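Residues per chain are reported as follows:
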Amino acid sequence: MITRPGRLVVQCHDDPDPDALASGLLVCRFGEYFNRKIEFIYSGNNPISKSNAIKMVELLGIEIRYVAENELKDQVPADILLLVDCRTGQKNVKPYPYKEIAVIDHHTIKGEYDAPGLCDIRPQVGSCVAIIWNLVQQCNNSRGMPLGVSDLEAYPGRHYLGTALYYGLFMDTNGFGFGSNLDKRLKNHLEKHQSFDSHIFNKLSRKKYSLDEMFQIAKIETGAIKDTYHVFKLPDKSDYDSIDSGSYYPFVRKDLSFLICCGEICSNSVLGQIADDLISADDIDLCVAYAITPAGDLRISVRSHVDYVSAADLAYYITDCHGGGHSVKAGGTISTKEHPELRDTLAGPANVRKYLTARIHDYLDIYKIIDTAPLDGTFIDKYYGNEILNYCKKDNLRLGFVFTADIIRDEGLDHNTHFQLDLKQDWGDNISVHKAEMQFIEDIDRDKVIMIGIDGRIYPLTMVQFLNSYQPTEEAFYDRECKGPELVSSDTGESYDIIRYAKACYSKKSDPVRAVKTHTQAYKLRSGWGRRFYISSRPGDYIVAGQGEYDIWPVDGELFDKLYDRV
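Residues numbered from 1 in each chain as written. Predicted model: local features only at pLDDT ≥ 70, side-chain atom pairs only at ≥ 80, totals over all residues. Heavy atoms only, no water.

A. Inspection of the sheet that holds strand E14 (residues 389–393) at higher detail. Sheet architecture is open: five strands sit in the order E28-E27-E24-E14-E29, paired in antiparallel fashion. At either margin of the open sheet sits one strand with a lone partner, and together these are strand E28 (552–555) and strand E29 (564–566). Averaged over all adjacent pairs, the angle separating strand axes in this sheet is 40°, with direction ignored. Examined bridge by bridge, E14 and strand E24 (residues 513–517) share three bridges and lie antiparallel to one another. Residue pairing across strands places asparagine 390 opposite arginine 514, the latter belonging to E24. (Pairing = 2+ DSSP bridges. Helix = DSSP H or I, 4+ residues; strand = E, 2+ residues; numbered from the N terminus. Axes fitted to C-alpha atoms, helices over the stretch in contact; angles between N-to-C directions.)

B. Region of the structure containing the pattern of salt bridges. With the rule as written, the count across this model stands at 21 salt bridges. Its salt-bridge partner being aspartate 14, residue lysine 94 comes within 2.7 Å of it at the nearest N-O pair. Here aspartate 14 lies in the loop between strand E1 (8–12) and helix H1 (18–33) and lysine 94 lies in the loop between strand E4 (78–84) and strand E5 (98–105), a separation of 80 residues in the sequence. Assessed through its relative accessible area of 11%, aspartate 14 is described here as buried. Of the charged contacts in the structure, one is a salt bridge between aspartate 406 and arginine 409, with a shortest N-O distance of 3.3 Å. Separated by three residues within a single helix, aspartate 406 and arginine 409 lie in helix H12 (residues 404–410), roughly one turn from each other. In this structure arginine 409 comes out as exposed when scored by relative accessible area, which is 55%. Overlapping salt bridges, with partners in common, bring together Arg7, Glu39 and Arg65 in one network. (Salt bridge = Lys/Arg side-chain N within 4 Å of Asp/Glu carboxyl O. Buried < 20%, exposed > 50% of the residue type's maximum accessible area, 1.4 Å probe, protein only.)

C. Inspection of the side chain of threonine 336 at higher detail. Tracing the backbone shows threonine 336 in the loop between strand E12 (329–334) and helix H10 (349–366). Polar contacts involving the side chain of threonine 336 include one to the side chain of arginine 343, which spans 3.5 Å. Not counting chain neighbours up to four residues away, the residues in contact with threonine 336 comprise Ala295, Gly296, Asp297, Arg343 and Leu346. (Polar contact = N/O pair within 3.5 Å; in protein donor to acceptor, adjacent residues only side chain to side chain. Contact = heavy atoms within 4.5 Å.)

D. Representation of the pairing of E1 within the structure. Within E1, five of the five residues are buried, leaving the element largely enclosed by the surrounding structure. Both faces of E1 are covered, namely the face carrying Leu8, Val10 and Cys12 and the face carrying Val9 and Gln11. Where E1 lies against E4, five bridges are found, and the strand directions are parallel. Within the sheet, the bridge partner assigned to valine 10 lies in E4 and is leucine 82. When E1 meets strand E2 (residues 39–42), the two strands line up parallel, connected through three bridges. Bridge pairing links valine 9 to glutamate 39 in E2. In this fold, E1 hands off to H1, which returns the chain to E2; that crossover is right-handed. (Right-handed = clockwise from strand over helix to strand, strands pointing away.)

E. Inspection of the nonpolar core at higher detail. Within the largest apolar cluster, 52 residues are counted, with the highest numbers of intra-cluster contacts made by Leu26, Met56, Ile62 and Leu165. For this core, the leading source of residues is H1, giving eight residues. The residues touching leucine 165, leaving out its near neighbours within four places in the chain, are Ala22, Leu26, Val129, Val149, Leu186 and Leu190. Core analysis: the second largest hydrophobic core is formed by 32 residues, Val288, Val302, Ile334 and Leu342 among them. (Core = buried A, V, L, I, M, F, W, Y, C linked by side-chain atoms within 4.5 Å.)

F. Summary view of the packing of aromatic side chains. Considering all chains together, one arrives at 21 aromatic pairs under this definition. Centroid distance tyrosine 42 to tyrosine 66: 5.2 Å. Interplanar angle 40°. Geometry classified as tilted. In this pair, tyrosine 42 sits in strand E2 while tyrosine 66 sits in strand E3 (residues 65–66), placing the two residues 24 residues apart along the sequence. When its relative accessible area of 5% is taken as the criterion, tyrosine 42 is described as buried. Classification of tyrosine 66 as partly exposed rests on a relative accessible area of 26%. (Phe/Tyr/Trp six-rings, centres within 6.5 Å; stacked < 30°, edge-to-face > 60°.)

G. Representation of helix H5 (residues 181–192) within the structure. With 12 residues, H5 ought to run about 16 Å at 1.5 Å a step, and its terminal C-alpha atoms sit 16 Å apart, in line with that. Inspection of H5 places Leu182, Asp183, Leu186, His189, Leu190 and Glu191 among the buried residues, and these make up the whole buried set. Between the side-chain oxygen of the N-cap and the backbone nitrogen of leucine 182 there are 3.3 Å, and the N-cap of H5 in question is serine 180. Phi turns positive, to about 50°, at glutamine 194, one or two residues after H5. (Expected span 1.5 Å × (residues − 1).)

H. A look at the sheet that holds E5. Taken together, the six strands give an open sheet; going across it, the order is E3-E2-E1-E4-E5-E6, and neighbouring strands pair in parallel fashion. In this open sheet, the two edge strands, each paired with only one partner strand, are E3 and strand E6 (118–121).

I. Fine view of the side chain of asparagine 134. Mapping asparagine 134 onto the fold places it in helix H3 (residues 128–143). Note on asparagine 134: relative accessible area 11%, which makes it buried. Contacts of asparagine 134, omitting those with residues within four sequence positions, involve Arg122 and Leu182.

J. Up close: the packing of helix H2 (residues 51–60) against helix H4 (residues 160–172). Direction vectors running N to C along H2 and H4 enclose 165°, while the axes themselves pass 10 Å from each other. Our classification of the angle between H2 and H4 gives roughly antiparallel. Classified by chirality, the crossing of H4 by H2 is right-handed. Here Asn52, Met56, Leu59 and Leu60 of H2 lie close against H4, whose contacting residues are Tyr160, Thr163, Ala164, Tyr167 and Met171. (Parallel < 35°, antiparallel > 145°, perpendicular 65-115°, else oblique. Left-handed = near helix turned anticlockwise from the far one by under 90°.)

Structure representation (structure tokens):
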């Protein structure tokens, strides 16, 4: 159908939902891959009314045209009309004029249905977009083209299509609560290849309550919230920090709102529930709920829906190293016994709000936040130009590695098990971690390799990255017993010690890389080394650009000379 000549129009049902929008967008992007222009339309008495669908169209730039029902008769017929997430005969679709019609749908057929010749209806599948992705894969296989969702993106590195598919699937499977094997395969593909934007997904998937409504819910649920909250809006989208790079560019998202809420004296779990409720409010990106203890200490609970702000990192910063947790949930305490100079600063809600606001602003101002993917390795050229030098990684460096698949096999775990790597504790000289935000390394699956660097710092690699750069051995990495971090199953909470699985590997002589020392600027970079999170660098660190697509990463300034030689 995609390669047949003639005008192809894709139509979804009236007042489309996220699954319908994602389905039509996927067909259009697949057609564009073959240089086929496809029109995407919907009809009905009124334009889209669902708030989440409106926001989805806006945030993901979905080009869909509304054709009013009374204007359909005046349209030039399509050579082929493809109905997605709907079919002829339904009350919620008024077909565009056509010469030939096709249907892809997943809704149950009631009664008799005169199906057209081109028809694929699978009621057992939870979403229409999963059916279309299955058809795309079948077409790929027949042509010998192993395309992924990222290959069909209109703008490389943006993940708008992937986010649309992930959100459409999320909505039609009740938050991934049910679905067929096709639904699960699409979900696994998007997660494995990090093919969606978690920041936009969080904006779309949060509860559709106003802040006032969520405030009342939090009061009812906890009984421990005061009648005050304050929202602070950072500069709007006109204040993006961008780098001109032709048709697309990375940018700093500064259009975020953060909320500071005062709770009564309460337990950590209640304070956390307050933060959980309030971060669910529409258009709130960061939330800090706080309470002052009888001793005058400040307890905070932090929640983040911003991909470049780790809740753990922010809590760590606010509390001066006495906080931590996960990327989206964290907490901490400021002890006035340890910090007597803050006793007056933390006296009273107005002072606390002023203090927290200043700390949040300071944290956000530390970093220049860049999504490097659209720029590839040219990111450092844009910023540093003549300061860039060529280097080559030293060969035969001894590092440690753990194949996650070995743990899954030896422990008898399910193939699809995902882990978090718990690095909260201090493991002395054996293991360390570069940044507070990496106290948990999240979403580790069987295809990941856990690396232990020459200084004991831990970071994940994909199997391809590992095999391209290192030669594995069967040699034990540690020659003595020691304690270390654990992999924690995201499903069961069971922990598995990685130290006994650690083996030695040796670095291969690498292709030349380009690198530059940052001197005074700290960065948060998102690149091909971790599409779903940002990696921090400090002033004095090096930014290194490799040969591969989106291949860019920071290296600790104190380690750089131990790892690389000038060429």
